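Topology and contacts: notes
Each chain, written out:
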Amino acid sequence: MILEIRKYPDPVLKKKSAPVDDFGARLKQLCDDMLETMYANNGVGLAANQVGVPIQVITIDVSTEKEQHVYRLINPILVETSREKNEYEEGCLSFPGITEKIYRPAKVKVRAQDTDGRVIFVEGEGLLATALQHEMDHLNGVVFVDRMSPVRKTLHNRELKELKEDYKKEHHK
Ligand code: NI
């Protein structure tokens, strides 16, 4: 099922997500729905609070033509980050129309659980490293705009204002 994506400035995006301890069918369904929602919106990653469920779940698909790389990660934590940094033009489904270059560690190692609760480790570089960090930020209530330098952020003032106005209209405030 395709879910509604919560857009800036929806307060759920600022929420810290709760750890997951119930690894049942509902969790698996949420992951499938998140992936379906992601694909429908041409995204590579999604955090559960972006569909209004503030629990520690992220989905990522950085598959190429040759290899499939789909991740459903529960309770992910960063265990290693490289000193070397990388710049990527990031976007976010909760901030339609905005992209910006963000510096982040180039390589990361993440400890997480799969949808059955088994501990797994994911090591990523390039787009995967960026996606992991971007989505894990969401779980802490941090969005990529928060990672922009103040000067860069002002370049997006107009778009951010428009998103705020759209949100107000949709919520009749
Ligand atoms: Ni995002």
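Residue numbers here run from 1 along each chain, matching the order of that chain's written sequence. Totals for whole chains, interfaces and linings use all residues, but because this is a predicted model, local features are given only for residues with pLDDT of at least 70 and pairs of side-chain atoms are given and counted only at 80 or more. Think of the side-chain values as coming from all heavy atoms in the structure, minus any hydrogens and water.

In DSSP terms, a helix is any run of H or I states spanning at least four residues, a strand is any run of E spanning at least two, and both are numbered starting from the N terminus. To estimate the expected span of a helix, count its residues, drop one, and scale the result by 1.5 Å. Compared with the 22 Å implied by 1.5 Å per residue over 16 residues, the 22 Å span of helix 1 (residues 25-40) between its first and last C-alpha is a close match. All of the buried residues in helix 1 are Leu27, Leu30, Cys31, Asp33, Met34, Leu35, Thr37 and Met38. The criterion used for residue contact is that any of the two residues' heavy atoms lie within 4.5 Å. In this fold, the buried residues of helix 1 make contact with strand 1 (45-47), strand 2 (57-61) and strand 3 (70-81). Positive phi appears at asparagine 42, one or two residues downstream of helix 1, with a value of about 55 degrees. Using a 1.4 Å probe on the protein chains alone, a residue whose accessible area is under 20% of its type maximum counts as buried, one over 50% counts as exposed, and one in between counts as partly exposed.

Right, let's talk about the pattern of salt bridges for a bit. Between Lys or Arg on one side and Asp or Glu on the other, a salt bridge is scored when a side-chain nitrogen of the former is within 4 Å of a carboxyl oxygen of the latter. Following the criterion strictly, the structure yields 11 salt bridges and no others. For aspartate 137, the salt bridge identified is with arginine 147, shortest N-O distance 2.8 Å. Taken together, the positions of aspartate 137 in helix 2 (residues 127-139) and arginine 147 in the loop between helix 2 and helix 3 (150-154) put the pair 10 residues apart, joining distant regions of the chain. What you see here is one network of salt bridges that share partners, running through Lys28, Asp114, Asp116 and Arg118.

Before going further, it helps to spend a moment on the packing of aromatic side chains. The relative placement of two aromatic rings is captured by the distance of their centres and the angle of their planes. Planes of paired rings set the category: under 30 degrees apart is stacked, over 60 is edge-to-face and the rest tilted, where pairs are Phe, Tyr or Trp rings (Trp by its six-membered ring) whose centres lie within 6.5 Å. Tallied over the full model, the rule gives 2 aromatic pairs. For the pair phenylalanine 95 and phenylalanine 144, a centre-to-centre distance of 5.5 Å together with 75 degrees between the ring planes defines the contact as edge-to-face. You can see phenylalanine 95 sitting in the loop between strand 4 (85-91) and strand 5 (99-105) and its partner phenylalanine 144 sitting in the loop between helix 2 and helix 3, a full 49 residues away along the chain. Exposure class is identical for phenylalanine 95 and phenylalanine 144. Each is buried. Three or more aromatic residues link up through ring pairs in this structure, and these residues are Tyr8, Phe95 and Phe144.

Generally, phi is negative for residues other than glycine and the peptide bonds are trans, each holding for most cases. With an omega of 5 degrees, the peptide bond running from tyrosine 8 to proline 9 counts as cis. Here proline 9 lies in the segment before helix 1. With a phi angle near 55 degrees, asparagine 42 is a residue other than glycine that sits in the positive phi range. Along the polypeptide, asparagine 42 turns up in the loop between helix 1 and strand 1. On the basis of relative accessible area, asparagine 42 is assigned to the exposed category, the value being 73%. Even without being a glycine, asparagine 75 presents a positive backbone phi close to 50 degrees. Judged by its relative accessible area of 13%, asparagine 75 is buried.

Here we come to the pairing of strand 6 (residues 107-113). Pairing between strands requires that DSSP locate at least two bridges from one strand to the other. In this sheet, strand 6 lies alongside strand 3 in antiparallel orientation, the contact comprising 5 bridges. Bridge assignment links isoleucine 74 to a residue of strand 6, and that residue is glutamine 113. Relative to strand 7 (residues 119-125), strand 6 runs antiparallel, the two sharing 7 bridges. Paired with valine 110 across the strands is valine 122, a residue of strand 7. In this structure, the hairpin formed by strand 6 and strand 7 is closed by a connection of 5 residues, where glycine 117 is found at a positive phi of approximately 90 degrees.

Within the element layout of this structure, glycine 97 appears in the loop between strand 4 and strand 5. We classify glycine 97 as exposed; its relative accessible area is 69%. When the C-alpha positions of glycine 97 and leucine 163 are compared, they lie 9.4 Å apart, and in sequence the two are 66 residues distant.

Overall, antiparallel pairing links the 5 strands, which are arranged 1-2-3-6-7 in an open sheet. Each end of this open sheet is capped by a strand with a single partner; those strands are strand 1 and strand 7. Looking at each pair of strands side by side, their axes are set apart by 40 degrees on average, direction ignored. Along the sheet, helix 1 contacts strand 1, strand 2 and strand 3; its crossing angle with strand 2, the most-contacted strand, is approximately 45 degrees. Here, axes are lines fitted to C-alpha atoms. For helices the fit covers the stretch in contact, and angles between N-to-C directions go from 0 to 180 degrees. Lying over the sheet, helix 2 contacts strand 1, strand 2, strand 3, strand 6 and strand 7, oriented at roughly 155 degrees with respect to strand 2.

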